[in-house]
Amino acid sequence: MDGIYSANGQRQPSSDAVLTALQSLLASDSLRLSERNRRFLSFVVKQAVEGQAERIKAYSIGVDVFGRDDSFDPTLDPIVRIEATRLRSALTAYYDGPGRSENIRISIPRGSYIPVFSCSLQAQGNADELCRTGQSAACDRATIVIHDHSGEGDPEAGLKSELFVDALLVTLRQERFRVRILPANDRSAALSAINALFANPGTACSLDITVRILNDGQRYSWRLVDLATSEVLTSNFQAWTTPTTPCPAIVGDFAATTARTISDLLRAREHSVGGRL
Amino acid sequence: MEHARRRGLARLMLRWPDRRAQLRSFSPDDPRLGDLFEAYELACEAAGYWQRSDAPFGLERAREYQALADATEEDILLKIS
């Protein structure tokens, strides 16, 4: 059975590929997960693959996976919410570590228990075989190279921009982009890899960010540049005055808005040109 | 949600005084740990709720949540070690 399993309209791996990935994941000793949470993962993946995503609710998980009875009330008995957090954390740790080379990745985005399946961003060579044709594939999203122009000569701006970059990393990866950061000169291997990307950009974009400390506040700005054409695709900025100096949550919100803006723009662009970006 | 994260982190610092300095270096909104802080707090609160409950399965549920809080605590300590 092939189809779209996630709500975001992205092209998905085939059912067989997902189920094989699930079996591989469940059999892995490297996945730090209780037996109960392995059943949780298995339940939501199988429901999604079988086209029963609407059944994936706290109530059905509580009853079918955690053995609660009909009176199960997730507000008094938050077992599903807690275990979902631990499951997400375990999956992230697995794919960041021993499962780094897995072709198909299973994740459960926050705010939902419906799993999302994507082709590994590091398995481009196998992706065409594993993905079915569709509107836009998670495995086809552009590479974003973050280039931070803030830090030199201004340690405070450097610290603030580090916070902004951290938040962007999380949110851009949630939008399924491949993300790289232009490294310091002493990391020559990484720098060479990115210079090669600049020389032959393909679908890559540069996200140039700057944080400036002003007399009366701070200004966070970014520009998205198509590395193939140098065209500035979009840009934005936000300034905060000193009394409302941004806390991590506000910077996180700005990063999330930035990632969504970039994602929407690249998706629209990709549709308008009928190709990939 | 933010309060739960903050309380979860504070509770961990109380439980693990020898790791307090290390825990203090994390924000309650840390992208890697914030949700686990919240889950930990939820598990501890649920354990307390069911401990006080007069439901027939209250104690059993309280033990389940205490075990879950311990497991979540272990997840967090493993991540920061």
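Use the structure listed above.
We now turn to the structure provided with this report.

## Here's the deal with the interface of chain A and chain B
Phase 1 of the analysis: With 17 residues of chain A at the interface, the matching set in chain B holds 23 residues.
Phase 2 of the analysis: Surface buried jointly by chain A and chain B totals about 1800 Å² across both partners, of which 54% is contributed by carbon and sulfur atoms.
Phase 3 of the analysis: The three residues of chain A that bury the most area against chain B are A:Arg32, A:Ile82 and A:Arg86, which together make up 31% of that side's buried surface.
Phase 4 of the analysis: In this assembly, chain A and chain B are joined by eight salt bridges.
Phase 5 of the analysis: Here A:Arg36 ties to B:Glu64 by a salt bridge, and the two come within 2.6 Å at their closest N and O atoms.
Phase 6 of the analysis: For the pair chain A and chain B, the number of links is twelve residue pairs in polar contact (both at pLDDT 80 or more).
Phase 7 of the analysis: With eight residues, the single largest contributor to the side of chain A that touches chain B is helix H4 (residues 79–96) of chain A.
Phase 8 of the analysis: Across the side of chain A that touches chain B, the residue classes tally to seven nonpolar, two polar and eight charged.

## Some thoughts on the sheet that holds strand S5 (residues 205–214) of chain A
Residue and element names in this part refer to chain A.
Phase 1 of the analysis: Across the sheet, which stays open at both edges, the five strands sit in the order S4-S3-S5-S6-S7 with mixed pairing between neighbours. Two strands in the sheet have a free side with no partner beyond their single neighbour: strand S4 (178–181) and strand S7 (232–241). The sheet shows a mean angle of 20 degrees between the axes of neighbouring strands, direction not considered.
Phase 2 of the analysis: Of the pairings in the sheet, the one linking strand S3 (residues 143–148) to S5 comprises five bridges and is parallel in character. Following the sheet pairing, Ile144 is matched in S5 by Cys205.
Phase 3 of the analysis: The sheet strands contacting helix H6 (residues 155–174) are S3, S4, S5 and strand S6 (217–226), and the helix crosses S5 at an angle near 145 degrees.

## Focus on the pattern of salt bridges
Phase 1 of the analysis: Applying the stated criterion to the full structure yields 21 salt bridges over all chains.
Phase 2 of the analysis: One salt bridge connects B:Asp75 with A:Arg86, and the closest N-O pair in it is separated by 2.7 Å. Placement of the pair is B:Asp75 in helix H4 (residues 58–80) and A:Arg86 in helix H4, with the two residues belonging to separate chains. The pair formed by B:Asp75 and A:Arg86 is uniform in burial state, with each residue classed as buried.

## A closer look at the packing of aromatic side chains
Residues and elements named next belong to chain A.
Phase 1 of the analysis: One pass over the structure, following the stated rule, counts ten aromatic pairs over all chains.
Phase 2 of the analysis: Aromatic side chains Tyr59 and Phe72 sit 6.2 Å apart centroid to centroid with 35 degrees between the ring planes, which places their arrangement in the tilted category. Placement of the pair is Tyr59 in helix H3 (residues 58–64) and Phe72 in the loop between H3 and H4, with a sequence separation of 13 residues.
Phase 3 of the analysis: Judged by its relative accessible area of 37%, Tyr59 falls in the partly exposed class.
Phase 4 of the analysis: Classification of Phe72 as buried rests on a relative accessible area of 7%.
Phase 5 of the analysis: Each ring, one from Phe164 and one from Phe254, has its centre 5.5 Å from the other, and the planes form 15 degrees; the classification is stacked. Note that Phe164 is positioned in helix H6 and Phe254 in helix H8 (residues 248–273), a separation of 90 residues in sequence.
Phase 6 of the analysis: Taken together, the aromatic side chains of Phe164, Tyr220, Trp240 and Phe254 make up a single cluster linked through ring pairs.

## Considering the nonpolar core
Residues and elements named next belong to chain A.
Phase 1 of the analysis: By size, the foremost hydrophobic cluster in this structure holds 58 residues, and its most contacted members are Phe40, Leu41, Val45, Ile61 and Val80.
Phase 2 of the analysis: Beyond its immediate chain neighbours, meaning those up to four positions away, Ile61 contacts Phe40, Phe43, Val44, Ile56, Phe66, Val80 and Tyr113.
Phase 3 of the analysis: Counting residues in each nonpolar core, the second largest holds 24 residues, with Leu168, Ile209, Leu233 and Phe254 among its members.

## Points about unusual backbone geometry
Residues and elements named next belong to chain A.
Phase 1 of the analysis: Residues other than glycine seldom take positive phi values, yet Ser230 does so here, at roughly 65 degrees.
Phase 2 of the analysis: As for its position among the elements, Ser230 is in the loop between S6 and S7.
Phase 3 of the analysis: Residue class for Ser230 comes out exposed when judged on its relative accessible area of 55%.

Conventions adopted
Residues numbered from 1 in each chain as written. Chains lettered and ligands numbered in written order. Predicted model: local features only at pLDDT ≥ 70, side-chain atom pairs only at ≥ 80, totals over all residues. Heavy atoms only, no water. Contact = heavy atoms within 4.5 Å. Buried area = accessible area lost by both parts, 1.4 Å probe. Salt bridge = Lys/Arg side-chain N within 4 Å of Asp/Glu carboxyl O. Polar contact = N/O pair within 3.5 Å; in protein donor to acceptor, adjacent residues only side chain to side chain. Helix = DSSP H or I, 4+ residues; strand = E, 2+ residues; numbered from the N terminus. Nonpolar A, V, L, I, M, F, W, Y, C, P; charged D, E, K, R; others polar. Pairing = 2+ DSSP bridges. Axes fitted to C-alpha atoms, helices over the stretch in contact; angles between N-to-C directions. Buried < 20%, exposed > 50% of the residue type's maximum accessible area, 1.4 Å probe, protein only. Phe/Tyr/Trp six-rings, centres within 6.5 Å; stacked < 30°, edge-to-face > 60°. Core = buried A, V, L, I, M, F, W, Y, C linked by side-chain atoms within 4.5 Å.

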